[in-house]
Amino acid sequence: MRDRANRPDVPPPRDAAARRVMIAQRSVNTRPELALRCALHSLGFRYRVNLPLPGLRRRRADLTFTRWRTAVFVQGCFWHACPEHLHAPKHNAEWWWNKLQHNVRRDADTDAYLVRLGWLPLRVWEHEAVEAAVAKVVEVLAHQGHPRAQEIQGRSRRLLPTQTVGRAGSV
């Protein structure tokens, strides 16, 4: 863990258990990210993982389709202040609120930067069903001209009228 002497603005953890929880937080290879990667790979998509963004070496996309200029970010509901699922901490509430709002502003800044470069940023929430996230990625890639995505999109359009909906989230 980083030395706190270099970060005097960060409040100390509430207790040892809170510290362990924070240390255990993953920044790459999270369950939602792995599920999305597995689903996309099984459809034949190839991508780069945890690639630094062009011109922003300290910011990384979870999945990058470099040839198609598409960056996919799988966002955690807590760290990126999901409007549906955010439960703000009560301990050090003001500091956490500022931290989470900074993350939201940084995400918006990153998206604007990528758009200026001609890239398409795509943000997927961790609570979204894998099928919905895959559909979003396929749609964006098809828009960018990815032949595999266009094929999958065309095939799903032909199948949709004859399919029936089973349980929620499945077709």
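Every chain is numbered independently, its residues counted from 1 as its sequence is written. Whole-chain, interface and lining totals are the exception, using all residues; otherwise, since this is a predicted model, local features are given only for residues with pLDDT of at least 70 and side-chain atom pairs are given and counted only at 80 or more. As a convention, hydrogens and water are excluded, and side-chain values are obtained from all of the structure's heavy atoms.

Undergrad: Is there a simple way to explain the overall build of the protein in this structure?
TA: On a plain count of helices and strands, the protein comes out with five helices and four strands. Secondary structure follows DSSP: runs of H or I at least 4 residues long count as helices, runs of E at least 2 residues long count as strands, and numbering of each begins at the N terminus. Across the protein, helices and strands are ordered from the amino to the carboxyl terminus as α-α-β-β-β-α-β-α-α. The buried share of the protein, reckoned over its 171 residues, is 32%. Residue pairs at least 24 apart in sequence account for 53% of intrachain contacts in the protein once pairs closer than 6 positions are excluded. When accessible area is computed with a 1.4 Å probe and restricted to protein chains, residues below 20% of their type maximum are described as buried, those above 50% as exposed, and intermediate ones as partly exposed. Contact criterion: two residues are considered in contact whenever any of their non-hydrogen atoms come within 4.5 Å of each other.

Undergrad: What should I look at first to understand the environment of proline 32 in this one?
TA: Topologically, proline 32 is positioned in helix α2 (residues 31-42). Proline 32 sits 96 residues away from glutamate 128 along the chain, and the two C-alpha atoms are 8.8 Å apart. Not counting residues within four places of it along the chain, the set of residues in contact with proline 32 comprises Val74 and Glu126.

Undergrad: Hey, could you run me through the pairing of strand β3 (residues 70-75) in this one?
TA: Where a strand is regular, its side chains alternate between the two sheet faces. Here β3 lies mainly inside the structure; six of its six residues are buried. Every second residue of β3 is oriented toward a common face, with Thr70, Val72 and Val74 on one face and Ala71, Phe73 and Gln75 on the other, all of them buried. By the convention used here, strands pair only if DSSP detects at least 2 bridges between them. Both strand β2 (residues 56-65) and β3 contribute to a ladder of three bridges, which runs antiparallel. Residue pairing for β3: leucine 63 is matched across the bridge by valine 72. Crossovers are marked right-handed if the path from the first strand over the helix to the second runs clockwise, as seen with the strands pointing away from the viewer. In this view, the connection linking β3 to its parallel neighbour strand β4 (residues 120-125) by way of helix α3 (residues 93-116) has right-handed handedness.

Undergrad: Help me understand α3 in this model?
TA: At 3.6 residues per turn, the α-helix brings residues three or four places apart onto the same side. In this model, α3 (24 residues) spans 35 Å end to end at C-alpha, consistent with the 34 Å of a helix rising 1.5 Å per residue. Among all positions in α3, only Trp96, Leu100, Asn103, Asp107, Thr110, Tyr113 and Leu114 are buried. Within two residues after α3, glycine 118 carries a phi angle of roughly 90 degrees, on the positive side. In this scheme, a helix's expected span is set at 1.5 Å multiplied by one less than its residue total.

Undergrad: Would you mind showing me how to read the nonpolar core here?
TA: General note: in soluble globular proteins, nonpolar side chains tend to be found buried as a group. One finds Leu36, Leu40, Phe45, Phe65, Val72 and Val137 to be the most contacted residues of the largest nonpolar core, which totals 21 residues. Only α2, β2, β3, β4, α4 (130-143) and α5 (147-159) provide two or more residues apiece to this core. Counting residues per element, this core draws most heavily on α4, which supplies seven residues. We call a set of buried Ala, Val, Leu, Ile, Met, Phe, Trp, Tyr and Cys residues a nonpolar core when their side-chain atoms join them within 4.5 Å. Grouped together as the second largest cluster of nonpolar side chains are eight residues, Ala61, Ala71, Leu114 and Trp119 included.

Read these as geometric descriptors, not functional statements.
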